[in-house]
Protein chains: 4
Amino acid sequence: MDALQAEMDRRRPGQSKITTQRKEGDRIEILSGLQDGVTLGTPILMMVRNEDARSRDYDETETKYRPSHADFAYDQKYGIRALSGGGRASARETVGRVAAGALAKQILRERFGVEIVGYVEQIHELRATVDPTHVSLGDVEATPVRCPDPQMAEKMIALIEETRKKGDSLGGVVECVARGVPTGWGEPVFDKLEADLAKAVMSLPACKGFEIGSGFAGTKMTGAQHNDPFIPAEGSARTTTNYSGGIQGGISNGMPIVLRGAFKPTATIVQEQQTVTTEFQPTTISGKGRHDPCVLPRAVPMVEAMVALVLIDHALRQKAIS
Amino acid sequence: MDALQAEMDRRRPGQSKITTQRKEGDRIEILSGLQDGVTLGTPILMMVRNEDARSRDYDETETKYRPSHADFAYDQKYGIRALSGGGRASARETVGRVAAGALAKQILRERFGVEIVGYVEQIHELRATVDPTHVSLGDVEATPVRCPDPQMAEKMIALIEETRKKGDSLGGVVECVARGVPTGWGEPVFDKLEADLAKAVMSLPACKGFEIGSGFAGTKMTGAQHNDPFIPAEGSARTTTNYSGGIQGGISNGMPIVLRGAFKPTATIVQEQQTVTTEFQPTTISGKGRHDPCVLPRAVPMVEAMVALVLIDHALRQKAIS
Amino acid sequence: MDALQAEMDRRRPGQSKITTQRKEGDRIEILSGLQDGVTLGTPILMMVRNEDARSRDYDETETKYRPSHADFAYDQKYGIRALSGGGRASARETVGRVAAGALAKQILRERFGVEIVGYVEQIHELRATVDPTHVSLGDVEATPVRCPDPQMAEKMIALIEETRKKGDSLGGVVECVARGVPTGWGEPVFDKLEADLAKAVMSLPACKGFEIGSGFAGTKMTGAQHNDPFIPAEGSARTTTNYSGGIQGGISNGMPIVLRGAFKPTATIVQEQQTVTTEFQPTTISGKGRHDPCVLPRAVPMVEAMVALVLIDHALRQKAIS
Amino acid sequence: MDALQAEMDRRRPGQSKITTQRKEGDRIEILSGLQDGVTLGTPILMMVRNEDARSRDYDETETKYRPSHADFAYDQKYGIRALSGGGRASARETVGRVAAGALAKQILRERFGVEIVGYVEQIHELRATVDPTHVSLGDVEATPVRCPDPQMAEKMIALIEETRKKGDSLGGVVECVARGVPTGWGEPVFDKLEADLAKAVMSLPACKGFEIGSGFAGTKMTGAQHNDPFIPAEGSARTTTNYSGGIQGGISNGMPIVLRGAFKPTATIVQEQQTVTTEFQPTTISGKGRHDPCVLPRAVPMVEAMVALVLIDHALRQKAIS
């Protein structure tokens, strides 16, 4: 339970001056599946009430479409839209993902020896240098920006502060490593491990890109450079490089799984922008809600959670057939 | 039926000197669901027999693990592995995707007015300039490399030839646009349209990365630059830029859907490489099968097929609720 | 909302002297999906808190397995079991089914013109005479036993009272009719409409049998007797008999869908019974909780709910393809 | 492979004079998943070509709806219908179920010690006496009617012959027992073991009813009669009666699983029947195809197959979590 709440607090807004100032308590109430702190094997229902939604902050959005938000698309799809805080398109829905992911991480660690560490690798043009094989949770949590490269972290924090003052916002890249995943997780053809990871990470708000292993950079290598040579290792094999990112043919090969998610700059900005009313008349809008100028630090536990949920699913599938 | 076979021929190896020389006929036999050329509404079973698998070509793979292939991972998962041509990890399985996708494309075009065009945007360091809003199938098919930028296409072909002679291989990027997708396709939270597209494309062999709209490049923009301003358009709205790639909050917004898949260089190369035997002893291996030095041209119809399959699924979901 | 709560009240214990005397308020709290009484198109989360679980009533069950209850099976499956009120094996979980079914019934009625009426057809040896083509909700609710045959209803009530005094319990049959289902709902082969209905009804607590149309009685007829002759009807066709129960080959044929669920006598009885302790020593047990001597009246809204949920699912599938 | 083909031959028409005289060879061709007789862990594709469909036999059905067949419902759903032999509504589709079930039975027997035996319990008014705890495959196959009660089997065969001569048809009940199922298979609430079994059996052609354990007869017992008392048994518990049919609360309790499926009399009969044309004009029709006067003997391997497929699914689910 404590581990769970700690994870929730990592996602929660208002953690530091570089994130949004909404004060959501994010207290978890567990409604089923636990008895005296022991799981019952049956579904665990966790509830987090939305305590600090000041719907007044969003009033203008009743009559104007915020650029690069889901308002317009929702109205087109449903003909109606939740007005307080973005409804299901609000990033607040990730609280449920992080809660479920916290449980999954715990099981993965204790039952399967899998460790998942996410971190901010890049904000805007600032790119950190991180060794995914050794980075620890402690390294990540050492700075409020969740970047384990201390020099770069400082620059990132300064840039975020500066951007906030301009009423603008920033994007970036979260990298995540899963170490200790045994060989054999993942299914051929349709439910390849990298495909399920891609769907999971791309379903996070503001995520526009996904890479596994060498990703887009790997397209500029030749096969001779990119292939990961096998060498013997304790009665099995390992590779000397890891451009494959721990997955070959959709199945884990025992090397660390390394992936990245690209997050666009936050859509809500204070600067005035061109848009239309819900009656399709030209107008302008500027954000007044308490929004993050940069979601990257809070996206770290979200990416970890999604990775954990995909891995636990494949862990159970593999257990079923072995 | 003719349209179907034409699509199969786009995927099929042996189309030109820059692709593998295996002569797979890829003739489709339709076993159910059609009566006198009319669909019955019930499942359509299409079968393509694997006519030209010379399993002798692959013999060395019985005792050695090919680097960056799925051989090792399959053996670890199943304890046994199909020896002829890679089994389910062979890219030959994509014949089924292309066949299903050809049907989906036909329905999308005729029933929903959706047009899907894929093309090679990049091979190794060579990057084409293509306008996704106007590129046509004719432009794409004008060159064997399926790159609608004629100057760049020539350079790509030359580079592939040169690489083949060196016994090496190349990767690259396929871009794909879906035009005419109405607003409202896609589901909030878990089955976001971009998430389903990511899973579909990332499940293709050799795919290591996925982007929608601005993708990774968008992380270096600020919110003020990246937000797509709305303007009035024929009783509705459109955006003046399309960094969102046609999807906002998981739901299509009526703009062209633009996405990219990153394909690593082909793993099978003629050059000698370091690896281990299936008994985990060090050894070397060099490819002897007839493999593509660059899968990108053949990946184009595969990406189109996966996009079509995701879109038809969401088209039907939307029909169900509207 | 009022319609919803009314439906909940039909399922709720403590409605009359023939049902259990637990006083569960069953007040629905709606947590998402509604705004000012209008649905948003996004998921509707309804919560009903379990207000009157006196776990003391069940204390003996910590150390003894109740005959024909799920206690033993749960312990064998999970190695642990919820001790208060049966956990997920408690019939209290049906509150969620009835709530969802109430919504489904409303949509089926208003959007598709489908009317669903369930009723008690049989309790123990007492079998009512009911015409499924004309029976109304009013007829059903006219007696606390929910049997629209008034003479038989009185006998049933008397038998339930008498059985309660003996500390014993009774089973019976719920029949349910869905009128106005259009032709064409249901999928060939695997998701046949009758198969989905069977799964839905058989998933209710205490249900041991399912029939559609002629059911088991139909096995004693010949084909010449059992076949439903078609006759012309308003530009289409109808059948003169309805042994098929409104479904042919898994697909609705426009006639009323008539089905039955068999419910065993309640397992919890006051009479002393032979059993074992959780240490597998012989012992005896007698029920002390406030349990129904006969669940049939309360099973009526549950069966209706399950039928409604299956029908709405197939209604949407059919909409998707037509 | 031999075991597989033997199972196919049990389902196949033309086995004896009491079944249809179509000569379908039902030879299985295995297209994937096997290498030198050993499974690869990847999907096994089995194909059986439809060798003896004489579509001429069915010609009248192009213009007339056969009573209690799916013709009318398919036309209403799809607006078009396969004309040769009933298309997907033909019982020929069960060949795939039996093939998959044969594999499942083999795995259940060898890996889990589960034995599945089905048999004809009733034809028309003739009801056999069978002990589900001891009946063997040999007993069942001893007569062409697959009824392990020899006296009753003779009467059944005589009745079928007589009915065939009259151009009429018969229904009946298949009972099936699964012995050796360990405790703990099945999921609470929605995927209860009995619910999944009900769906599987009810998806077979001509099936109109399903029972588990005491079924409909159990509704006429009281709780004191119906509850299965637990007694100690080898460090665990068993019940002295088995009215629960081996499942309590959706989860197997280690006792034999006993279930029944009710099959209506075959719809195709030689006698003339009233119906309508596809233009909805009154007409008459009489069956001319080579149809079974009674499908019960051939339904036995179908029921066994469906039970096996459900059990293997739950076996794997349980393996995943234990």
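Predicted model only: the values in this text are computed from it and were never measured. (Residues numbered from 1 in each chain as written. Chains lettered and ligands numbered in written order. Predicted model: local features only at pLDDT ≥ 70, side-chain atom pairs only at ≥ 80, totals over all residues. Heavy atoms only, no water.)

1. What to know about the overall build of chain A
- In terms of helices and strands, chain A carries eight helices and 15 strands.
- Each of the three principal axes of chain A carries a C-alpha extent, and together these read 65 × 50 × 40 Å.
- Taken over 322 residues, chain A has a buried fraction of 61%.
- Surface accessibility of chain A: about 12000 Å² in total, with carbon and sulfur atoms responsible for 52%.
- Seen as two clouds, the 39 positive and the 41 negative side-chain charges of chain A have centres 3 Å apart. (Helix = DSSP H or I, 4+ residues; strand = E, 2+ residues; numbered from the N terminus. Buried < 20%, exposed > 50% of the residue type's maximum accessible area, 1.4 Å probe, protein only. Areas by Shrake-Rupley, 256 points an atom, 1.4 Å probe, with all protein chains shown as cover. Lys, Arg positive; Asp, Glu negative; His and termini not counted. Charge placed at Lys NZ, Arg CZ, Asp CG, Glu CD.)

2. Some words on the packing of aromatic side chains
- Counting across every chain of the model gives 30 aromatic pairs over all chains.
- Arranged with centres 5.4 Å apart and planes meeting at 80°, the rings of Tyr-65 of chain A and Phe-72 of chain A form a pair that is edge-to-face. Side by side, Tyr-65 of chain A and Phe-72 of chain A carry an identical accessibility label, which is buried.
- Between Phe-112 of chain D and Trp-185 of chain D, the aromatic rings sit 5.5 Å apart at their centres with planes inclined by 85°, giving edge-to-face as the arrangement. Separated by 73 residues along the polypeptide, Phe-112 of chain D in helix α3 (residues 94-112) and Trp-185 of chain D in the loop between β7 (172-179) and α6 (193-202) bring together distant segments of the chain.
- Every member of this aromatic cluster is reached through a ring pair, and the members are Tyr-65, Phe-72 and Phe-280 of chain A together with Phe-230 of chain B. (Phe/Tyr/Trp six-rings, centres within 6.5 Å; stacked < 30°, edge-to-face > 60°.)

3. Quick notes on the sheet that holds strand β6 (residues 126-127) of chain A
- Spatially, β6(A)-β5(A)-β7(A)-β13(A)-β8(A)-β8(B)-β13(B)-β7(B)-β5(B)-β6(B) is the arrangement adopted by the ten strands of the open sheet, whose pairing is antiparallel. Since the sheet does not close on itself, it has two edges, and those belong to β6 of chain A together with β6 (126-127) of chain B, each with one partner.
- Both strand β7 (residues 172-179) of chain B and strand β13 (residues 257-263) of chain B contribute to a ladder of seven bridges, which runs antiparallel. Among the inter-strand pairings, Val-173 of chain B is bridged to a residue of β13 of chain B, identified as Ala-262 of chain B.
- Lying over the sheet, helix α8 (residues 296-321) of chain B contacts β5 (115-123), β7 and β13 of chain B, oriented at roughly 145° with respect to β5 of chain B. (Pairing = 2+ DSSP bridges. Contact = heavy atoms within 4.5 Å. Axes fitted to C-alpha atoms, helices over the stretch in contact; angles between N-to-C directions.)

4. Digging into the relation of the copies chain A and chain B
- You can overlay chain A on chain B at an RMSD of 0.0 Å; the transform is a turn of 180° with a shift of 0.0 Å along its axis. Here the two chains are linked by the operation of a two-fold rotation axis.
- Both copies share a contact surface, since 100% of the interface residues of chain A are interface residues in chain B too. (Least-squares fit on C-alpha atoms with pLDDT ≥ 70 in both.)

5. Things to note about the relation of the copies chain B and chain D
- Expressed as a screw transformation, the operator carrying chain B onto chain D has a rotation angle of 180° and an axial translation of 0.0 Å, and the superposed copies differ by an RMSD of 0.0 Å.
- When the interface residues of chain B are mapped onto chain D, 100% of them are again interface residues, pointing to one common binding face.

6. Thoughts on the pattern of salt bridges
- In the structure shown here, the tally under the stated rule is 99 salt bridges over all chains.
- Across the salt bridge formed by Glu-29 of chain A and Arg-49 of chain C, the nearest N and O atoms sit 3.1 Å from each other. You can see Glu-29 of chain A sitting in strand β1 (residues 28-32) and its partner Arg-49 of chain C sitting in the loop between β4 (45-48) and α2 (71-78), one on each of two chains.
- Taking the relative accessible area as the measure of exposure, Glu-29 of chain A reaches 31% and is therefore partly exposed. (Salt bridge = Lys/Arg side-chain N within 4 Å of Asp/Glu carboxyl O.)

7. Some remarks on helix α1 (residues 2-11) of chain D
- Burial in α1 of chain D covers these residues: Leu-4, Gln-5, Glu-7, Met-8, Arg-10 and Arg-11 of chain D.
- In this structure, the buried side of α1 of chain D is in contact with β1 (28-32), β4 (45-48), α3, α4 (137-141) and α8 (296-321) of chain D.

8. Side note on the environment of Lys-64 of chain C
All names here are of chain C.
- Looking at where Lys-64 falls in the secondary structure, it is placed in the loop between β4 and α2.
- Note: C-alpha distance between Lys-64 and Val-276 (212 residues apart in sequence) is 6.0 Å.
- What Lys-64 contacts, discounting residues up to four positions off in sequence, is Asp-71, Val-276, Thr-277, Thr-278, Thr-283, Thr-284 and Ile-285.
- Polar contacts involving the side chain of Lys-64 include one to the side chain of Glu-60, which spans 2.9 Å.
- Within the local environment of Lys-64, its side chain forms a polar contact with the backbone oxygen of Thr-284, the two atoms lying 2.8 Å apart. (Polar contact = N/O pair within 3.5 Å; in protein donor to acceptor, adjacent residues only side chain to side chain.)

9. Describing the sheet that holds strand β6 (residues 126-127) of chain C
- One open sheet accounts for ten strands, arranged β6(C)-β5(C)-β7(C)-β13(C)-β8(C)-β8(D)-β13(D)-β7(D)-β5(D)-β6(D); its pairing is antiparallel. Strand pairing shows two members of the sheet lacking a second neighbour, β6 of chain C together with β6 (126-127) of chain D, which therefore form its edges.
- Across eight bridges, the pairing between strand β5 (residues 115-123) of chain C and strand β7 (residues 172-179) of chain C is antiparallel. Counterpart to Val-117 of chain C in the pairing with β7 of chain C is Val-177 of chain C.
- Its contacts with the sheet place helix α6 (residues 193-202) of chain C against β8 (207-212) and β13 (257-263) of chain C together with β8 (207-212) of chain D, and it is angled at close to 155° to β8 of chain C.

10. Looking at the packing of helix α1 (residues 2-11) of chain B against helix α3 (residues 94-112) of chain B
All names here are of chain B.
- Where α1 contacts α3, the axes come no closer than 9 Å and their chain directions differ by 140°. As summarised for this structure, α1 and α3 are arranged oblique, according to the angle between their axes. Handedness of the crossing formed by α1 with α3: right-handed. Contact residues: Ala-3, Leu-4, Glu-7, Met-8, Arg-10 and Arg-11 in α1; Thr-94, Val-95, Val-98, Ala-99, Ala-102, Leu-103, Lys-105 and Gln-106 in α3. (Parallel < 35°, antiparallel > 145°, perpendicular 65-115°, else oblique. Left-handed = near helix turned anticlockwise from the far one by under 90°.)

11. Examining the side chain of Glu-121 of chain D
Residues and elements named next belong to chain D.
- Mapped onto the elements of the fold, Glu-121 is located in strand β5 (residues 115-123).
- Note on Glu-121: relative accessible area 8%, which makes it buried.
- Side chain to side chain, Glu-121 and Arg-127 meet in a polar contact 3.4 Å long.

In short, shape yes, function no, at least from these values alone.
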